[in-house]
Amino acid sequence: MFGLKNLEGVSIYEEKEEKKIPEKSTKEKKEEPLTEESLIYGKKYECPVCDSTFTSKVIRSGKARLASVDLDLHQRYENGIDPNKYDVIACPVCGYASLPSYFGRLSSAQRKAIRENISMNYVAQPATDEKAPIGYEEAVSRYRLALVNTIVKHGKTSEKAYLCLKTAWCFRQEVETFDKEAANYLFRKYQNEKAEMEYLQDAYDGFMQARTGEEPPICGMDEMTLDSLLAALAVEVGDLDNGLRLVESIIRSRTANPRMKENARNIKDIIARKRLEKEKDGTSDSASGEE
Ligand SMILES: [Zn+2]
């Protein structure tokens, strides 16, 4: 078919060798300039509150390379790419905002509540550059808007908790963008850590409430995943006793998978270390950030 006949073994080998080199080098070239900007695209939405059509920035996060995952599941990507900033869909006309999985799910009473309590006071936003990355200030205000919407529509506690958690991640990740040499670096870092801690506390309180008041899956998490998250949050906000209770129940559980159990053991070690630190300090509530 390819006219190789009895030479096929040889020519295929050579072709492969030749191909490999340019393929690899173009691949490397392509991967190097991977920026947040190059992953952004506009996605059209129809607002369930005011019926406007608008374009929201979405990020192809599947293309970004994961660098590490924090104790509380916050994902850190290479090149400072942060998909978390793009998760809120906000209507620029009426101010309705939510996470994608909740966006279309509104009862008529909820739509009415949003119109009366948010849209009436909302100043329509001008169109922005579709390709420009979202900054942290904007990301936080989008999360706040989504949170206010969730309060107004009497959304589930878990939805509010999840928004608080994702807001906390914005404050945490923003610190990575600060200039370490700047005179106000420590002050800005302190302010972000303080804001992060407040949102983490709200997320923790909300998820603890949701754990007893809602049926799993809660924000897409089964019982054990939620408990793992809560254990991590307990450590972060300094509620070590509850954190220990949660990890011990995960370690004993028959439904938790080996990865969850290993994670729980890690958290248990962190709790033990924090307790030792506390004893050494002799002071009570000096809840510090994550590990
Ligand atoms: Zn709208």
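Conventions we followed
- Residues numbered from 1 in each chain as written.
- Predicted model: local features only at pLDDT ≥ 70, side-chain atom pairs only at ≥ 80, totals over all residues.
- Heavy atoms only, no water.
- Helix = DSSP H or I, 4+ residues; strand = E, 2+ residues; numbered from the N terminus.
- Buried < 20%, exposed > 50% of the residue type's maximum accessible area, 1.4 Å probe, protein only.
- Polar contact = N/O pair within 3.5 Å; in protein donor to acceptor, adjacent residues only side chain to side chain.
- Contact = heavy atoms within 4.5 Å.
- Pairing = 2+ DSSP bridges.

### Remarks on the side chain of glutamine 110
Mapped onto the secondary structure, glutamine 110 falls in helix 3 (residues 108-117). Residue classification places glutamine 110 among the buried positions, given a relative accessible area of 18%. Polar contacts involving the side chain of glutamine 110 include one to the main-chain amide nitrogen of serine 107, which spans 2.9 Å. Discounting residues that sit within four places of it in the chain, glutamine 110 has contacts with Arg105 and Lys153.

### With respect to the pairing of strand 1 (residues 40-46)
Here strand 1 runs beside strand 2 (residues 53-59); their pairing, made up of seven bridges, is antiparallel. Its bridge partner lying in strand 2, tyrosine 41 is registered against valine 58. The hairpin formed by strand 1 and strand 2 contains six residues between the paired strands, and aspartate 51 there has a positive phi angle of roughly 65 degrees.

### Let's talk about unusual backbone geometry
The step from proline 216 to proline 217 runs through a cis peptide bond, and the omega angle for that step is 5 degrees. Within the secondary structure, proline 217 sits in the loop between helix 6 (185-213) and helix 7 (223-237). For aspartate 51, which is not glycine, the phi dihedral falls at a positive 65 degrees. Phi is positive for histidine 154, close to 55 degrees, though the residue is something other than glycine. With respect to the secondary-structure elements, histidine 154 resides in the loop between helix 4 (136-152) and helix 5 (157-175). For histidine 154, a relative accessible area of 70% gives the class exposed.

Function cannot be inferred from these measures alone, as they are strictly geometric.
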